[in-house]
Amino acid sequence: MDWFNLHGIDLNNPPGYDDFMEPDGTEAPVQGTTVVDEPISGANSGFMSVDDNTDGAPTGQTMSSKESGSDGEVQSTLEGFAPHKPYLGMKFDTWEAAKMHYNRYAKHVGFSMKMSSSRNSVLDKQKDKYLFVCNKSRKNSEKEETKLVKMRNRTITVRTNCQAKLRVKRKGSIWEVTQFIEEHTHEAIKKFALKKYLRSHKKIPKEERKFIDLLDTVNLSARRIMDIMSGLYGTGKAVPYDTKTISNYMASIDEKQNVIDIPELLNYFEELRKEDPNFFYKYKLDSEDRVENIFWVDKPTREVYKNYNDCISFDTTYMTNAYKMSCAPFIGINRYGQTIQLGCGFLRNEKIGNFVWLFEQFLDAMDGLHPLNIITDQDAAMTTAILEMFPNSCHRNCGWHIMQNAQGSPLGPFMAKHEELRREFNEIVDYSLTPMEFEIRWGEMIERHGVSDNTDLADLYEIRAKFVPAYFMDRFFPFLQTTARSEGFNAVLKKYVDPHASLLHFFKQYMKLQERIEITEDSHEFQGEDKTLRTWCDFPMEEQVLSIYTLPIFRRFQIELKKFTSYNIQQINPSLFEVSPIRNAVFGYGKRNYRITANLELDEYSCECCKFTRDGLICCHIIKVMSVVGKLEVMSEHYILLRWSIPPPDIPIP
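Keep in mind that this is a model prediction, so the values were computed, not measured. (Residues numbered from 1 in each chain as written. Predicted model: local features only at pLDDT ≥ 70, side-chain atom pairs only at ≥ 80, totals over all residues. Heavy atoms only, no water.)

Colleague: Requested: an account of the overall build of the protein chain, with residues and values cited.
Modeller: Tallying secondary structure elements over the protein chain gives 23 helices and 16 strands in all. Considering the protein chain as a whole, with its 654 residues, one finds that 48% of them fall into the buried category. Restricting the contact set of the protein chain to residue pairs at least 6 apart, pairs at least 24 apart contribute 65%. Put simply, the protein chain shows about 33,000 Å² of open surface, and 50% of that area lies on carbon and sulfur atoms. (Helix = DSSP H or I, 4+ residues; strand = E, 2+ residues; numbered from the N terminus. Buried < 20%, exposed > 50% of the residue type's maximum accessible area, 1.4 Å probe, protein only. Contact = heavy atoms within 4.5 Å. Areas by Shrake-Rupley, 256 points an atom, 1.4 Å probe, with all protein chains shown as cover.)

Printed below as a string of structure tokens:
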């Protein structure tokens with residue numbers, strides 16, 4: 001790291017006290033400074049003022065701002081480092097340099113300093129005098145000792161009316177020490193590891209702030225950054241600041257960024273569009289010309305969507321940002337079964353008009369191509385906007401969100417007290433195959449358990465057609481029965497982006513997540529070209545599917561292939577079969593029986609579990625029938641879904 005080099009620190013050989021001493025045993029000068037003349041004897045103790053008597057004042061070379069630091073700046077001070085003790089006549093280029101030097105001296109001694117007062121010159125009206133004092137100057141007032149503690153329960157500094165101070169006065173273009181009192185009326189902090197908690201030393205050196213800025217861009221927490229700095233320093237005790245200091249600094253970055261955030265983001269978008277005309281972004285202003293909504297999507301995503309518009313997930317429950325705007329990501333699934341980003345927006349509020357605007361921009365970016373199926377969280381305004389903008393899309397609500405809301409209602413504790421009802425409820429919701437079957441079984445459950453007066457159950461029944469899987473058996477919602485895919489994406493996004501971060505920071509982290517997704521796709525592509533998987537059995541059909549499907553999808557097929565051994569089979573008539581679990585239940589299918597119709601001449605099968613229409617893969621029940629009738633040689637092309645297949649070499653993998 002540059003700042004370690006700047007300080008001449010070898011991490012493999014940390015400096016000791018001797019490294020800061022000259023060969024003759026005197027103190028080494030402050031880094032970047034040269035002080036030639038030492039103060040006269042006795043000039044460093046007691047109360048002395050050059051204002052009163054400038055005769056015989058010691059002379060020394062002036063310390064520049066560059067040598068002593070700048071306003072508010074601190075530098076890493078290693079244990080054992082001894083800065084020059086101030087003395088009357090000591091000179092500085094600026095008052096900031098004097099303040100910095102006194103602060104470094106204060107840390108070495110073990111006290112905290114602060115600015116007490118300043119004075120303007122009567123001649124040029126510019127500052128010509130500053131007084132710096134010990135932080136324990138004056139005494140605690142009764143108000144500090146009682147009222148403040150009662151209100152906030154915060155600790156207060158114990159003041160001892162300490163008289164230690166440093167006064168500097170402007171003489172021409174130079175600032176000179178005119179008063180220095182060394183003695184304190186309290187014990188100094190001697191332990192080096194404790195000095196970083198002193199108020200005037202709770203700052204991060206400039207060089208280290210640059211490194212922390214870098215770590216902040218990858219959304220590391222203050223605690224994690226502190227762990228990294230502890231590793232670089234060798235121990236956490238040697239780090240000259242604490243986790244809270246890092247946290248406060250990171251908050252200040254966000255605060256400064258938010259002031260210029262949205263204009264900077266729009267400028268950044270415009271630069272991206274100049275580089276790539278297919279980068280798409282739109283924003284909406286309110287009546288006061290403030291950004292109300294915003295949406296963006298990059299060129300690769302616009303190309304990918306053409307292949308994966310068969311199912312998208314849309315969720316605004318992830319987070320709100322520093323502007324109280326809801327994050328609204330569009331999520332899809334690629335040929336590897338991997339979650340992908342299909343654009344993202346921010347909405348000031350979740351009203352119908354804002355959702356309509358967002359969906360309009362989405363369609364504009366995607367050349368008017370509507371999603372075939374869409375799953376969202378439960379929101380009335382969103383539902384209305386989807387009906388208006390995607391009238392031909394199949395829309396369902398997230399069952400997970402609905403159940404979470406139900407769990408937080410009185411229904412949650414009620415179900416916990418009625419275990420048999422809870423199990424039957426879950427069985428009916430998860431494994432009913434048709435709307436009619438669901439409604440019949442629901443009615444029987446209500447009557448059996450005597451809960452016809454339960455309004456919470458009645459409310460769920462009213463919205464059954466929006467979330468119960470039985471109402472969507474013929475629609476393509478691959479490998480999810482809820483918005484679990486959005487939930488998974490949101491969990492990843494939260495690792496990358498602080499919800500309170502600026503919009504520009506969010507966008508950059510969003511694009512880093514996009515890069516991570518693309519790298520994972522590259523890994524899958526390589527695995528498909530260079531690797532293979534062991535087949536589980538000797539069925540030729542397994543070898544066929546391995547050569548066609550991407551490896552992650554083949555693994556899912558292989559799971560179905562193994563599950564067919566979990567069923568017994570009975571042939572009802574020449575074209576109808578029924579399978580039943582050998583044991584109590586089969587994961588993903590429950591404990592019920594399933595019927596399969598088969599046209600053996602055309603090699604066509606249909607199972608009432610509808611896995612092929614839902615996931616694009618044949619189910620273990622059909623495979624069971626195939627095994628009985630001897631049809632495991634080759635899978636019909638009818639059951640090979642191209643969206644899960646390895647693309648031809650001339651087609652780029654999205």
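Colleague: Could you give an account of the packing of helix α15 (residues 419-431) against helix α16 (residues 435-449), with specific residues and numbers?
Modeller: Between two packed helices, what matters for the description is the angle formed by their axes and the separation of those axes. Their axes nearest at 10 Å, the elements α15 and α16 cross at an angle of 175 degrees. With respect to α16, the axis of α15 lies roughly antiparallel. Within the contact between the two elements, α15 uses Glu 420, Leu 421, Glu 424, Phe 425, Glu 427, Ile 428, Val 429 and Tyr 431 and α16 uses Glu 437, Phe 438, Arg 441, Trp 442, Met 445, Arg 448 and His 449. A per-class count over the contact of α15 with α16 returns eight nonpolar, one polar and six charged. (Axes fitted to C-alpha atoms, helices over the stretch in contact; angles between N-to-C directions. Parallel < 35°, antiparallel > 145°, perpendicular 65-115°, else oblique. Nonpolar A, V, L, I, M, F, W, Y, C, P; charged D, E, K, R; others polar.)

Colleague: Give a description of the pattern of salt bridges that names residues and reports values.
Modeller: A full pass over the atoms with the stated rule returns 19 salt bridges. The salt bridge involving Lys 171 is made with Glu 176; its shortest N-O contact spans 3.5 Å. Given a relative accessible area of 34%, Lys 171 falls into the partly exposed group. Owing to a relative accessible area of 10%, Glu 176 belongs among the buried residues under this scheme. Taking the shortest distance from any N to any O, the salt bridge between Arg 423 and Glu 419 comes out at 3.1 Å. Of this pair, Arg 423 and Glu 419 are both found in helix α15, four residues apart, which corresponds to roughly one turn of the helix. By relative accessible area, which is 59% here, Arg 423 ends up exposed. Relative accessible area serves as the criterion here: at 32%, Glu 419 is assigned to the partly exposed category. Residues joined by salt bridges that share partners form a network here, namely Lys 91, Lys 171 and Glu 176. (Salt bridge = Lys/Arg side-chain N within 4 Å of Asp/Glu carboxyl O.)

Colleague: Can you explain the pairing of strand β12 (residues 394-397)? Please cite residues and give values.
Modeller: Residues Cys 394 and Arg 396 point to one face of β12 and His 395 and Asn 397 to the other, with burial holding for every one of them. Inspection of the sheet shows strand β11 (residues 373-376) paired to β12 by four bridges, in the parallel sense. Bridge pairing links Ile 374 to His 395 in β12. Chirality of the crossover, the property in question, places the unit of β11, helix α12 (residues 380-389) and β12 among those that are right-handed. (Pairing = 2+ DSSP bridges. Right-handed = clockwise from strand over helix to strand, strands pointing away.)

Colleague: Just give me the short version of the packing of aromatic side chains, but keep the residues and values in it.
Modeller: Per the stated rule, a full pass over the model turns up 45 aromatic pairs. With a centroid separation of 6.1 Å and 20 degrees between ring planes, the pair formed by Tyr 102 and Tyr 105 is classed as stacked. Here Tyr 102 and its partner Tyr 105 are both found in helix α3 (residues 95-109), three residues apart, which amounts to about one turn of the helix. Side by side, Tyr 102 and Tyr 105 carry an identical accessibility label, which is buried. On the basis of an interplanar angle of 10 degrees and a centroid distance of 6.4 Å, the ring pair of Tyr 281 and Tyr 283 is categorised as stacked. When its relative accessible area of 38% is taken as the criterion, Tyr 283 is described as partly exposed. By the ring-pair criterion, three or more aromatic residues cluster together here, those being Tyr 268, Phe 269, Phe 279, Tyr 281, Tyr 283, Trp 296, Phe 346, Phe 506, Phe 507 and Tyr 510. Just above the ring of Tyr 268 sits the side chain of Lys 508; from NZ or CZ to the centre is 5.2 Å. In this structure, Arg 643 packs its charged tip against the face of Trp 644, placed 4.5 Å from the ring centre. (Phe/Tyr/Trp six-rings, centres within 6.5 Å; stacked < 30°, edge-to-face > 60°. Lys NZ or Arg CZ within 6 Å of the ring centre and 35° of its normal.)

Colleague: Help me get a handle on the pairing of strand β10 (residues 339-347), residues and values and all.
Modeller: Among the nine residues that make up β10, nine are buried, leaving the element largely enclosed by the rest of the structure. Relative to β10, strand β7 (residues 291-297) runs antiparallel, the two sharing four bridges. Bridged to Phe 295 within β10 is Gly 345. Here strand β9 (residues 326-333) pairs with β10 via seven bridges, running antiparallel. Directly across from Ile 333, in β10, lies its bridge partner Thr 339. Between β9 and β10, which pair antiparallel and follow one another directly, the connecting turn spans five residues, one of which, Gly 337, has a positive phi of 75 degrees.

Colleague: An account of the environment of Ile 463 is needed here, citing residue identities and associated values.
Modeller: You can see Ile 463 is positioned in the loop between α17 (455-462) and α18 (484-496). On a C-alpha basis, the gap between Ile 463 and Asn 397 in space is 9.5 Å, while along the polypeptide they are 66 residues apart. Not counting the four nearest positions on each side in its chain, Ile 463 is found in contact with Gln 378 and Ile 402.

Colleague: Quick rundown of the sheet that holds strand β4 (residues 165-171)? Include the residues and the values.
Modeller: Strand pairs in the sheet, formed through backbone hydrogen bonds, run parallel or antiparallel to each other. Taken in spatial order, the five strands make up an open sheet running β1-β5-β4-β3-β2, and their pairing is antiparallel. Two strands close off the open sheet at either side, each with one partner strand: β1 (91-92) and β2 (113-120). In this structure, β2 lies alongside strand β3 (residues 127-134), joined through seven bridges in antiparallel fashion. Along β3, the bridge assignment pairs Asn 120 with Lys 127. Against the sheet, α3 engages β1, β2, β3, β4 and β5 (174-181), with an angle of about 155 degrees to β2.

Colleague: Explain the state of the cysteines residue by residue, including any values.
Modeller: Counted under the stated rule, the structure contains zero disulfides. For Cys 607, which is in no disulfide, the shortest distance to another cysteine sulfur is to Cys 609 and amounts to 3.5 Å. The exposure class of Cys 607 is buried, given its relative accessible area of 7%. Left without a disulfide partner, Cys 620 is nearest to the cysteine sulfur of Cys 619, which lies 5.8 Å away. (Disulfide = S-S within 2.5 Å.)

Colleague: A description of the environment of Gly 236 should follow, citing residues and the corresponding values.
Modeller: Tracing the backbone shows Gly 236 in the loop between α7 (222-233) and α8 (243-259). Note on Gly 236: relative accessible area 25%, which makes it partly exposed. In contact with Gly 236, not counting residues within four places along its chain, are Lys 196, Met 226 and Ser 230.

Colleague: Explain unusual backbone geometry to me, using residue names and the numbers behind them.
Modeller: Of note, Asn 161 is a non-glycine position whose phi angle comes to about 55 degrees, a positive value. Relative to the elements of secondary structure, Asn 161 occurs in the loop between α5 (147-152) and β4. Asn 161 gets classed as partly exposed once you look at its relative accessible area, which sits at 32%. Although it is not a glycine, Asp 367 adopts a positive phi angle of roughly 55 degrees. Structurally, Asp 367 is set in the loop between α11 (352-365) and β11.

Bear in mind that shape data such as this cannot, by itself, settle questions of function.
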